[in-house]
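# Per-entry structural report
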Amino acid sequence: DSGGKGDTVGGSVLIDGKSAIGSTDTDFICATLDWWPPEKCDYGTCSWGHASLLNLDLNNIIFLNAVKAFSPLKIRLGGTLQDKVIYDTEDHRQPCLPFTKNTSELFSFTEGCLPLSRWDELNKFFNESGARVIFGLNALNGRSLQSDGSAVGAWDSTNAESFMRYTVKKDYAIYGWELGNELSGSGVGVRVAADQYASDTMSLQKLVQDIYKSNEFKPLTIAPGGFFDANWFKEFIKKSNKSANVVTHHIYNLGPGVDEHLVEKIVDPSYLDGEADTFSKLQGTLKSSTTSATAWVGEAGGAYNSGHNLVTNAFVFSFWYLDQLGMGSTYDTKTYCRQTLIGGNYGLLNTTTFVPNPDYYSALLWHRLMGENVLSTNFSGTKKIRAYAHCAKHSPGITLLLINLDNTTTVEAKVAFNRPRTLRHKHKSHGHRSKVVRQHPRKKIIDMTREEYHLMPKDGNLHSQIVMLNGKILTVNSSGHIPPLEPLNAIGHGIPDSYLDKVREVAKQFFSLPVDEKKKYSHEDGEGYGGDLIVSEKQVLDWSDRLVLKVLPVDERRPNLWPEFPTEFREVLHEYAMKIKYVLDTLFKAIAKSLNLEEDNFLSQFGDRACLFGRFNFYPPCPRPDQVLGLKPHSDRSGMTVLLQDKEVEGLHVLKDNHWFRVPIIPHALVVNVGDQMQIMTNGIIKSPIHRAVLNRNRLRISVTIANLAEPEKEIGPAEGLIDEKRPRLYRNVKNYAAINFECFQKGEVAIDTIKI
Ligand SMILES: O=C(O)CCC(=O)C(=O)O
Ligand SMILES: [Fe+2]
């Protein structure tokens, strides 16, 4: 996981896991289908094709699968032309004609008609795909348009009523009936006053109650589906007298689709923050009124007039979209409808091929991972990281969404939970990507498992419509199957599987070099490349080669012993060792705390110039594994050793009660061996186990260890807090235990016994 180019900065996210600041519907994700015909054009481009409710290919298999993947996806049917739709019910005694372009008409189109046969087909699709349908009704019906841009008079609901009765008769499930589109405030093209709208909404509610009186499920009454305007909304909410179950508003905060600065706005944190005001005011208005209505974003396409090709349908738009989903939920928005599911330049699906755009996968990940309860989340360190956390969906734990708006900066983020005990974890968020992390905290930090979902554009290109999840391109296959969204798993240590594989890979590549090349790195004194150290003639040699390198302190590294090949070797060893150092530090602190010591007790004993060693063990196949060992029984002289096992070939044994036990392979787990120095410091409470490596007849086995040792000139000894009458001091203080250990090894003595009191 080292894709980050450029700088690295630190930051930390604090999640308050104790109480929720808001909640969303379980099916928070919603997308729209619109009425625009192919003749709808903006700035000279016509982006709608056959993506309208009236002409969309409902037999497309990708389309069905894409909606099914959510089960359920909320789908809101509406948009500008909805207010000019005529439903072809019995009361409509005229030919059912489509919308036709006519620039002298409101919205540049004539009225258009929805044939009931098409409504039947649509419902067949909704039923099959498990969608939850919100239908936007024709709120301009019966009103007269004034030259000042207002529409006056009451809504004529006759046509809507017969349409709703037809729908009930056919048993078509409708989740909500919504009144009107963008007629609130000063309107878009035309406006309706708040008090009139309130009384029309009461009429709709009465209709719903009447039409559904013998139905168990009663659809929601939803209004006004327009832009937020503080005074208009306030009056509407007050006068509609609780008739609306849901108050919907629309979001196009990025300006017109033709705007050349869309991308700059999208990756500008203060620009994104600008929309919080609307959410907050609407939340305030609802809270201070007597209504129990909740807020939804009923339509949000970001950039109006159909969006912008290769921006609002490309990877970069996920920054805006995911941020909106996050921000909306923190203000108690229950549902968020994206303009569009398909159609225009802002579809979750490609208008012609139906292939999912990057935002489709962002929506699906959100839907699968983010639970209903929203947690207060704060990121400090850089403004370029946006952080949102919810309780995880369908599982214990927390889901954290981190969005890195910066193209070049890698952010090392510490994660802290405000819980009885503070757990810290570190992970990275590389430039220009968003990532979703699901964490399952259990009792102890050691048990914490994590799933990571990293989204990045192909080739790092923000305008790409191809998205990679954890480095793999997401594509629908030839049978229109939506790919599974699989996480990277990290067990406790937080290092992704793929990175551990990388470490194994460079180790293997080094070992595969010709002997002469490897010999360049051999040296007499224990560091570098070589075999078992020969100390006597009778000695049975270990059947293994090893490469030992001091990683810390940096100024004591011997660069001439660090392999030049494979070329990434040095970088990987350095980075891996740093990751493991973080794991070690975390463990030393956690162990200190568990023994009621100051957190830094052990770490300060190791000293500021503590050593960190990397060691690669290569165990070639051995024809007589019963006759020789890969590594003789020993305890590690380190503080602690973190061992990365071979992924396929087992070989580590540990001695307990005079029996050797196999240590099984858990591919992505790390083995932690307590070393002698830790046994000394804990006054024998934590023991360094005797272990050995056995050989395989047919296969090479490789293991990699990172171990720390105290600064040689620093005395270490049992922690004062662990010495008392019941447990007297077991060991004297020692300097340079590593050297003592080495001497003893040559004499065949057990090192730790020589410093026993
Ligand atoms: O290869 C193994 O599993 C054990 C390695 C080991 O014990 C060591 O390097 O100290
Ligand atoms: Fe060992």
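Quick caveat: nothing in here was measured; it's all calculated off a predicted structure.

### With respect to the sheet that holds strand S11 (residues 246–251)
- If you trace the eight strands once around the closed barrel, you get S2-S3-S6-S9-S10-S11-S13-S15, paired in parallel fashion. On average, adjacent strands in this sheet sit at an angle of 25° to one another, irrespective of strand direction.
- Pairing geometry for strand S2 (residues 29–33) and strand S3 (residues 74–77), over four bridges, is parallel. Paired with cysteine 30 across the strands is lysine 74, a residue of S3.
- Running at roughly 165° to S11, helix H8 (residues 276–287) makes contact with S11, strand S13 (294–300) and strand S15 (333–338) of the sheet.
- Across the face of the sheet, helix H9 (residues 317–330) comes into contact with S2, S11, S13 and S15 while running at roughly 160° to S15.

### Re the site of ligand 1
- Within the structure, ligand 1 sits among Arg615, Asn617, Tyr619, Leu631, His634, Asp636, Leu643, Leu652, His691, Arg701, Ser703 and Thr705.
- The separation between an oxygen atom of ligand 1 and a polar side-chain atom of aspartate 636 is 3.3 Å.
- Broken down by class, the residue content of the shell around ligand 1 amounts to four nonpolar, five polar and three charged.

### A closer look at the coordination of the iron ion (ligand 2)
- Bound to the iron ion (ligand 2) are the protein donor atoms His634 (NE2), Asp636 (OD) and His691 (NE2), situated 2.1 to 2.2 Å from the metal.
- Considered as a linear motif, the donors of the iron ion (ligand 2) on their single chain read H-x1-D-x54-H.

### Quick word on the packing of aromatic side chains
- Counting across every chain of the model gives 35 aromatic pairs.
- Taken together, Trp35, Tyr87, Trp119, Phe135, Phe163, Tyr172 and Trp177 form an aromatic cluster joined through their ring pairs.
- Over the ring of tryptophan 36 we find lysine 40; its NZ or CZ atom is 4.2 Å from the centre of that ring.
- Stacked on the ring of phenylalanine 511, the Lys or Arg lysine 518 has its end atom at 4.0 Å from the ring centre.

### Some details on the packing of helix H4 (residues 194–211) against helix H5 (residues 230–239)
- At a minimum axis separation of 8 Å, H4 and H5 run at an interaxial angle of 35°. H4 and H5 meet at a crossing whose hand is right-handed. The residues of H5 that touch H4, namely those facing Ala194, Asp195, Tyr197, Ala198, Thr201 and Met202, are Trp232, Glu235, Phe236 and Lys239.
- Class assignment of the residues belonging to the contact of H4 with H5 gives a composition of six nonpolar, one polar and three charged.

### What about helix H13 (residues 569–594)?
- The end-to-end C-alpha separation of H13 is 37 Å, in line with the 38 Å expected for 26 residues at 1.5 Å each.
- Backbone geometry just downstream of H13 places asparagine 596 in the positive-phi region, at approximately 60°.

### Re empty space enclosed by the protein
- Enumeration over the complete set of coordinates arrives at four cavities of 30 Å³ or more.
- The calculated volume of the largest cavity comes to roughly 40 Å³.
- Every residue along the wall of the largest cavity is listed here: Thr24, Asp25, Thr26, Phe28, Ile29, Trp366, His367, Met370, Gly371, Glu372 and Lys393.
- Residue contributions to the lining of the largest cavity peak at three residues, all from strand S16 (residues 370–380).
- Residue composition of the lining of the largest cavity, by class: four nonpolar, four polar and three charged.

### What about the environment of glutamine 82?
- Along the polypeptide, glutamine 82 turns up in the loop between S3 and strand S4 (85–87).
- Sequence separation between glutamine 82 and leucine 179 is 97 residues, and the spatial gap between their C-alpha atoms is 9.6 Å.
- Setting aside residues no more than four positions away along its own chain, glutamine 82 makes contact with Trp35, Arg76, Leu77, Gly136, Leu137, Asn138, Glu178, Gly180 and Asn181.
- Within the local environment of glutamine 82, its side chain forms a polar contact with the backbone oxygen of leucine 137, the two atoms lying 3.0 Å apart.

### Quick word on the state of the cysteines
- Following the criterion strictly, the structure yields three disulfides and no others.
- With a sulfur-sulfur separation of 2.0 Å, cysteine 96 is cross-linked through a disulfide to cysteine 113. Here the disulfide of cysteine 96 and cysteine 113 is left-handed, its torsion about the S-S bond being about -95°. A residue pair is termed long-range when its members are at least 10 positions apart, and cysteine 96 in the loop between S4 and strand S5 (112–114) and cysteine 113 in strand S5 qualify at 17 residues.
- What makes cysteine 96 partly exposed here is its relative accessible area of 27%.
- Taking only the cysteines that form disulfides and numbering them from first to last, the chain has the pattern 1-6, 2-3, 4-5.
- With no disulfide partner, cysteine 744 has as its closest neighbouring cysteine sulfur the one in cysteine 611, 19 Å distant.
- Exposure remark for cysteine 744: the relative accessible area of 4% places this residue in the buried category.

### Regarding helix H16 (residues 737–747)
- Among the residues of H16, those classed as buried are Tyr737, Ala738, Asn741 and Cys744. Down the axis of H16, the buried set is contained in an arc of 125°. They therefore lie on one face.
- Contacts from the buried residues of H16 go to helix H15 (676–681), strand S35 (701–709) and helix H17 (751–754).
- Positive backbone phi, at 80°, marks glycine 748, one or two positions downstream of H16.

Calculation notes
Residues numbered from 1 in each chain as written. Chains lettered and ligands numbered in written order. Predicted model: local features only at pLDDT ≥ 70, side-chain atom pairs only at ≥ 80, totals over all residues. Heavy atoms only, no water. Pairing = 2+ DSSP bridges. Helix = DSSP H or I, 4+ residues; strand = E, 2+ residues; numbered from the N terminus. Axes fitted to C-alpha atoms, helices over the stretch in contact; angles between N-to-C directions. Contact = heavy atoms within 4.5 Å. Near = heavy atom within 4 Å. Polar contact = N/O pair within 3.5 Å; in protein donor to acceptor, adjacent residues only side chain to side chain. Nonpolar A, V, L, I, M, F, W, Y, C, P; charged D, E, K, R; others polar. Donors = N, O, S within 2.8 Å, 3.2 Å for Na, K, Ca; no water. Phe/Tyr/Trp six-rings, centres within 6.5 Å; stacked < 30°, edge-to-face > 60°. Lys NZ or Arg CZ within 6 Å of the ring centre and 35° of its normal. Left-handed = near helix turned anticlockwise from the far one by under 90°. Expected span 1.5 Å × (residues − 1). 1 Å grid on protein atoms, 1.4 Å probe; cavity = no way out; pocket = protein on both sides within 12 Å on 5 of 7 lines; lining within 4 Å. Points joined across faces, edges and corners; volume = space filled by probe spheres on them. Disulfide = S-S within 2.5 Å. Buried < 20%, exposed > 50% of the residue type's maximum accessible area, 1.4 Å probe, protein only. Arc of directions from axis to C-beta.

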